[in-house]
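So you can see what is in the structure, the chains are spelled out below.
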Amino acid sequence: MSYCSYARNLPENNVHRLFHDKEHGRMPESDNEIFGRLILEMNQAGLSWDCVLKKYDNFRIAYHNFEVQRIANYSEMDIERILSDKGVIRHRKKIEAAIYNAKQILALQDEFGSFREWINAKKGLNLDEWVREFKKRFKFVGKESVNELLMGLNILPGAHHKECIINI
């Protein structure tokens with residue numbers, strides 16, 4: 001048994017190791033948690049994953065535990081609150097995209113029962129097809145963010161190498 005190479009020699013309390021061991025390659029049960037992963041991937045654009053993971057807990061607080069319904073109703077005051085929060089990535093377009101995307105998830109919940117079911121209903125798509133689906137519905141997503149999100153949700157392969165202890 002072994003770990004993926006990037007996690008193998010990391011201390012147990014390292015943010016990458018914790019994410020690798022507890023979240024990466026797993027589909028959360030709740031739409032809020034899946035949405036939280038989307039928020040992380042959107043915010044990673046142009047930045048390092050290390051930067052985003054170190055701010056993960058702050059994102060959770062700033063975005064009210066990734067509650068889709070609540071975020072869909074964010075006002076300009078909420079945008080200003082997040083823009084003033086030094087614990088997160090302060091990028092207006094990313095914040096506005098998170099609000100827009102929350103509204104899109106509410107529409108998917110109405111149509112499919114949940115965001116998770118929308119994703120599951122599309123299993124079998126290749127990466128380019130997934131990117132088209134995401135770009136039709138969401139803002140601030142691209143090929144890399146969609147790929148990383150879906151790998152991290154165990155929809156596309158590549159989250160862990162095949163001998164990784166997490167796969168066993």
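Above this text sits the structure in question.
Residues numbered from 1 in each chain as written. Predicted model: local features only at pLDDT ≥ 70, side-chain atom pairs only at ≥ 80, totals over all residues. Heavy atoms only, no water.

S.K.: A description of the nonpolar core should follow, citing residues and the corresponding values.
M.R.: Membership of the largest hydrophobic core comes to 46 residues, with the highest contact counts inside it found for Phe59, Tyr63, Ile119, Phe134, Phe138 and Leu150. With residues up to four places along the chain from it excluded, the contact list for Phe134 reads Trp118, Val141, Val146, Leu149 and Leu150. (Core = buried A, V, L, I, M, F, W, Y, C linked by side-chain atoms within 4.5 Å. Buried < 20%, exposed > 50% of the residue type's maximum accessible area, 1.4 Å probe, protein only. Contact = heavy atoms within 4.5 Å.)

S.K.: Give me the lowdown on the packing of aromatic side chains, citing residues and values where you can.
M.R.: This model, assessed by the stated rule, comprises 12 aromatic pairs. Look at Trp118 and Phe138: their rings are 6.0 Å apart centre to centre, the planes differ by 75 degrees, and that puts the pair in the edge-to-face class. Here Phe138 lies in the loop between helix H10 (127-137) and helix H11 (143-152) and Trp118 lies in helix H9 (residues 115-121), a separation of 20 residues in the sequence. Per residue, the accessibility class of Trp118 equals that of Phe138, and both read buried. (Phe/Tyr/Trp six-rings, centres within 6.5 Å; stacked < 30°, edge-to-face > 60°. Helix = DSSP H or I, 4+ residues; strand = E, 2+ residues; numbered from the N terminus.)

S.K.: Now, about the packing of helix H3 (residues 31-44) against helix H8 (residues 92-112): what can you tell me, with residues and values included?
M.R.: Where H3 contacts H8, the two axes come as close as 11 Å, and the packing angle between them is 150 degrees. Taken together, the axes of H3 and H8 lie roughly antiparallel to each other. Judged by the sense of rotation from one axis to the other, the crossing of H3 with H8 is right-handed. Note on element contacts: H8 touches H3 through Lys94, Ala97, Ala98, Asn101, Ala102, Ile105 and Gln109, opposite Asp31, Phe35, Leu38, Ile39, Met42 and Asn43. Of the residues belonging to the contact of H3 with H8, the class tally is 8 nonpolar, 3 polar and 2 charged. (Axes fitted to C-alpha atoms, helices over the stretch in contact; angles between N-to-C directions. Parallel < 35°, antiparallel > 145°, perpendicular 65-115°, else oblique. Left-handed = near helix turned anticlockwise from the far one by under 90°. Nonpolar A, V, L, I, M, F, W, Y, C, P; charged D, E, K, R; others polar.)

S.K.: Give a description of the packing of H3 against H11 that names residues and reports values.
M.R.: Helix packing geometry: the angle between the two helix axes and the distance between the axes. At a closest axis distance of 9 Å, the pairing of H3 and H11 adopts a crossing angle of 145 degrees. In this structure, H3 meets H11 at a crossing whose hand is right-handed. Residue-level contacts link Ile34, Arg37, Leu38 and Glu41 of H3 to Ser145, Glu148, Leu149 and Gly152 of H11. In the contact of H3 with H11, the residues fall into 3 nonpolar, 2 polar and 3 charged.

S.K.: Help me get a handle on helix H7 (residues 76-83), residues and values and all.
M.R.: The set of residues buried in H7 consists of Asp78, Ile79 and Ile82. All buried residues of H7 lie within an arc of 100 degrees about the axis, which places them on one face of the element. Where H7 is buried, its residues contact helix H5 (56-62) and H8. (Arc of directions from axis to C-beta.)

S.K.: Could you give an account of the pattern of salt bridges, with specific residues and numbers?
M.R.: As enumerated under the stated definition, the model contains 13 salt bridges in all. Salt-bridge contacts for Arg37 lead to Glu23; the nearest nitrogen and oxygen are separated by 3.4 Å. Linking Arg37 in helix H3 with Glu23 in the loop between helix H2 (15-22) and H3, this pair joins segments that are 14 residues apart in sequence. Between Arg116 and Glu29 there is a salt bridge whose closest N-O contact spans 3.6 Å. Taken as a pair, Arg116 in helix H9 and Glu29 in the loop between H2 and H3 lie far apart in primary sequence, 87 residues in all. By relative accessible area, which is 65% here, Glu29 ends up exposed. Taken together, the salt bridges that share partners define one network made up of Glu76, Glu80, Arg92 and Glu96. (Salt bridge = Lys/Arg side-chain N within 4 Å of Asp/Glu carboxyl O.)

S.K.: Quick rundown of the environment of Lys135? Include the residues and the values.
M.R.: Here Lys135 lies in helix H10. Counting along the chain gives 11 residues from Lys135 to Val146, while the straight-line C-alpha distance between them is 9.2 Å. What Lys135 contacts, discounting residues up to four positions off in sequence, is Val141 and Gly142.

Geometry only, nothing functional implied.
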